[in-house]
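# Chain and residue survey
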Amino acid sequence: MRSPTAVIAEDEPLLRGEIRELLHALWPQLAICSVADNGLDAIQAIDRYSPDVVFLDIHMPGANGLQIAEHCSGRAHVVFITAFDQHAVAAFESGALDYVMKPLTAARMERTVARLQERLQQTPADLQGMAQLLKRASAGDSQYIKWLTVPHLNERRVIAVSEIWYLQADTKYTTLATRASTFLLNTSLKEMKEKLNPEIFWQIHRSIIVNVGAIETIHRSFRGALELKLKERTELLPVSAAHAHLFRHF
């Protein structure tokens, strides 16, 4: 029997390498025939190599993972790899094989590999209509995430969006702060902003988004700039001049 084949589509270079290394360690018989960093290259690779499995990031330039999944519907088993949880239920209902959250862990990928090995002899799921299903699922308020999972030691912790006090961009990560804790996300501030309700989460600085309901006091620094003190947090968050108008009526 021929070796099973796979295509990896992921726009983050470090994560692409991590996926490849984990698969090589957990499933050495799996031949990675192409690694794409954008959606259009992923579609070309799928058409060229007809892989058994496609590992897809949902958010990619060119064509997103949902469009790619529809393109290879019935032709390849699909595993979504992404930072956002709100797609999970619709992905499974549509027949996607698995859904792996970032950051990856060897234990989670091992379970995915086991499921893939069991299903390789089965016909891949029909994923046509996935984008429409997700669009219906995201109507109204539900277009914004209600909760997410964050890495904590060797596990993942579930955080309700209402628990988020603020988000701050770092060099490579985004810091998520709750009332009493902080966590590091492997997701950009821009991506997080798109998933949060703008009526509740305001961008107050190019690197900071704050939960308005968490604000305790607003005052001016000795230089005249606005600063925010959040409930039960000690740090002060700066408000840039470009965003000071948000607090005109406070």
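Quick summary incoming for the structure in this document. From a predicted model like this one, the values you see are computed outputs, not experimental measurements.

So, on to the nonpolar core. Core analysis: the biggest nonpolar cluster contains 20 residues, and V54, L56, I68, A69, C72, V78 and F80 have the highest contact counts within it. Only α2 (39-49), β3 (53-56), α3 (65-71), β4 (77-82) and β5 (98-101) provide two or more residues apiece to this core. Once residues lying within four places of it in the same chain are set aside, the contact partners of I68 are G39, A42, I43, I46, L56, M60 and A63.

Attention now moves to the sheet that holds strand β2 (residues 31-36). With respect to topology, five strands assemble into an open sheet ordered β2-β1-β3-β4-β5, the strand pairing being parallel. The strands lining the two open edges of the sheet, one partner per strand, are β2 and β5. Taking each pair of neighbouring strands and ignoring which way they run, the sheet shows an average axis angle of 20°. In this sheet, β2 lies alongside strand β1 (residues 5-9) in parallel orientation, the contact comprising five bridges. The residue bridging I8 from the neighbouring strand is V35, located in β2. On the sheet, helix α1 (residues 13-26) packs against β1, β2, β3 and β4 and is oriented at approximately 175° with respect to β2. Across the sheet, α2 is in contact with β1, β2 and β3; its angle to β2 comes to roughly 150°.

Read across the open sheet, the three strands follow the order β13-β14-β15; overall the sheet is antiparallel. Of all strands in the sheet, those with a lone pairing partner are β13 (215-220) and β15 (236-238), marking the two edges. Taking the axes of each pair of neighbouring strands and ignoring which way they run, one obtains an average angle of 30° across the sheet. Pairing geometry for β13 and strand β14 (residues 226-230), over five bridges, is antiparallel. By the bridge assignment for β14, T217 is matched with K229.

How each quantity is defined
- Residues numbered from 1 in each chain as written.
- Predicted model: local features only at pLDDT ≥ 70, side-chain atom pairs only at ≥ 80, totals over all residues.
- Heavy atoms only, no water.
- Core = buried A, V, L, I, M, F, W, Y, C linked by side-chain atoms within 4.5 Å.
- Buried < 20%, exposed > 50% of the residue type's maximum accessible area, 1.4 Å probe, protein only.
- Helix = DSSP H or I, 4+ residues; strand = E, 2+ residues; numbered from the N terminus.
- Contact = heavy atoms within 4.5 Å.
- Pairing = 2+ DSSP bridges.
- Axes fitted to C-alpha atoms, helices over the stretch in contact; angles between N-to-C directions.

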